[in-house]
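# A look at the structure
Okay, here's what each chain looks like letter by letter:
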Amino acid sequence: GNSVTQMEGPVTLSEEAFLTINCTYTATGYPSLFWYVQYPGEGLQLLLKATKADDKGSNKGFEATYRKETTSFHLEKGSVQVSDSAVYFCALLSGGGADGLTFGKGTHLIIQP
Amino acid sequence: NAGVTQTPKFQVLKTGQSMTLQCAQDMNHEYMSWYRQDPGMGLRLIHYSVGAGITDQGEVPNGYNVSRSTTEDFPLRLLSAAPSQTSVYFCASSYSRTGGYYEQYFGPGTRLTVT
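Below is a short write-up of the structure. Model, not experiment: these values are computed from the prediction.

This part takes up the overall build of chain B. A tally of helices and strands in chain B yields 0 helices and 13 strands. Whereas a compact globule of 115 residues would reach a radius of gyration of roughly 13 Å, chain B reaches 13 Å, a difference of no more than 12%. Dimensions of chain B, computed from C-alpha atoms along their principal axes, come out at roughly 45 × 25 × 25 Å. Counting every position in chain B, which comprises 115 residues, the buried fraction comes to 48%. Pairs at least 24 apart in sequence give 54% of the contacts found in chain B among residues at least 6 apart. Only carbon and sulfur atoms are counted for the fraction: they give 50% of the accessible area of chain B, which is about 5300 Å². Side-chain charges of chain B comprise 8 positive and 8 negative groups, with the mean position of each set lying 10 Å from the other.

Here's what the structure looks like:
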């Protein structure tokens, strides 16, 4: 079956530090890959996506590249802000997608001023 | 557009009580789904629907019922609540394309506590 593995936190960084959150996946076929973000007390928001190998998704300074050879979709940001503090979920959608997203367990990111 | 809306935001139930979590979307999405979020577990799919009148089970369906009488609404029913159903519940919807579905849009969640 499908699975997503991501580094578990909490991850604590200082403001303006470089961020990497690792995500690897197992799936049949060619899944679409996503990063969702959950701010405290809120629902999940789509942060970025990639639908085929070598695609790069980007949004709000965050980037992730779909690497089929390493089955990875690592999230990066060059300079984090306190407002980036949240829980980040890596997820995949495979096949027709009708059986829903497969999520990683989430990474809690804490940015200190 | 309001997007995906869920009610109530918070609910406390006693063991054995029943209730319905409401979910509605105004984006004319064919696909709707329910997830539960538990600490350290990520989100897990409970039930999903690919259109009015069509529902199917996800990863953790036991203890929950769903129906889809309209495109807009997808309620989740707990027939006899148990403490193991204490969780945060998210409803999501997605538009379809040839051969499958796109990314899902999530509601704000319902935090349920069963005592």
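Attention shifts here to the sheet that holds strand β7 (residues 56–59) of chain A. Residues and elements named next belong to chain A. Here we have 4 strands laid out as an open sheet, ordered β3-β9-β8-β7, and antiparallel in their pairing. Since the sheet does not close on itself, it has two edges, and those belong to β3 (19–21) and β7, each with one partner. Neighbouring strand axes in the sheet, compared pairwise and without regard to direction, differ in orientation by 15 degrees on average.

All names here are of chain B. Tracing the backbone shows T7 in strand β1 (residues 4–7). Judged by relative accessible area, T7 falls into the partly exposed class, the value being 47%. Sequence separation between T7 and G107 is 100 residues; the distance between their C-alpha atoms is 9.7 Å. When sequence neighbours within four positions are dropped, the list of residues in contact with T7 reads L21, Q22 and T110.

Another point: the interface of chain A and chain B. You'll often see interface size given as the accessible area lost when the parts meet. Each partner contributes residues to the interface: chain A has 20 residues there, and chain B has 20 residues. Each partner contributes to the roughly 1500 Å² buried at the junction of chain A and chain B, and carbon and sulfur atoms together form 57% of this total. By the criterion of area lost to chain B, the three top residues of chain A are A:L44, A:A98 and A:F103, representing 28% of everything that side buries. At the surface where chain A touches chain B, the tally comes to 0 salt bridges. Where chain A packs against chain B, one counts 4 residue pairs in polar contact (both at pLDDT 80 or more).

This part takes up the nonpolar core. Counting 26 residues, the largest nonpolar core has A:W35, A:L47, A:L48, A:F73, A:L75 and A:Y88 as its most contacted members. Where this core is concerned, the elements lending two or more residues are β2 (11–14), β3, β4 (23–26), β5 (32–38), β6 (44–50), β8 (62–65), β10 (86–93) and β12 (107–112) of chain A.

It is worth spelling out the pattern of salt bridges at this point. Any two side chains of opposite charge can pair, on the condition that their charged atoms come close. Residues and elements named next belong to chain B. Following the criterion strictly, the structure yields 5 salt bridges over all chains and no others. Here R44 makes a salt bridge to D38, at a shortest N to O gap of 2.8 Å. In terms of burial, R44 and D38 fall into one category: buried. Among the charged side chains, a network of salt bridges with common partners joins R36, D38 and R44.

Reading the values: the criteria
Residues numbered from 1 in each chain as written. Chains lettered and ligands numbered in written order. Predicted model: local features only at pLDDT ≥ 70, side-chain atom pairs only at ≥ 80, totals over all residues. Heavy atoms only, no water. Helix = DSSP H or I, 4+ residues; strand = E, 2+ residues; numbered from the N terminus. Rg over C-alpha atoms; globule rule 2.2 N^0.38 Å. Buried < 20%, exposed > 50% of the residue type's maximum accessible area, 1.4 Å probe, protein only. Contact = heavy atoms within 4.5 Å. Areas by Shrake-Rupley, 256 points an atom, 1.4 Å probe, with all protein chains shown as cover. Lys, Arg positive; Asp, Glu negative; His and termini not counted. Charge placed at Lys NZ, Arg CZ, Asp CG, Glu CD. Pairing = 2+ DSSP bridges. Axes fitted to C-alpha atoms, helices over the stretch in contact; angles between N-to-C directions. Buried area = accessible area lost by both parts, 1.4 Å probe. Salt bridge = Lys/Arg side-chain N within 4 Å of Asp/Glu carboxyl O. Polar contact = N/O pair within 3.5 Å; in protein donor to acceptor, adjacent residues only side chain to side chain. Core = buried A, V, L, I, M, F, W, Y, C linked by side-chain atoms within 4.5 Å.

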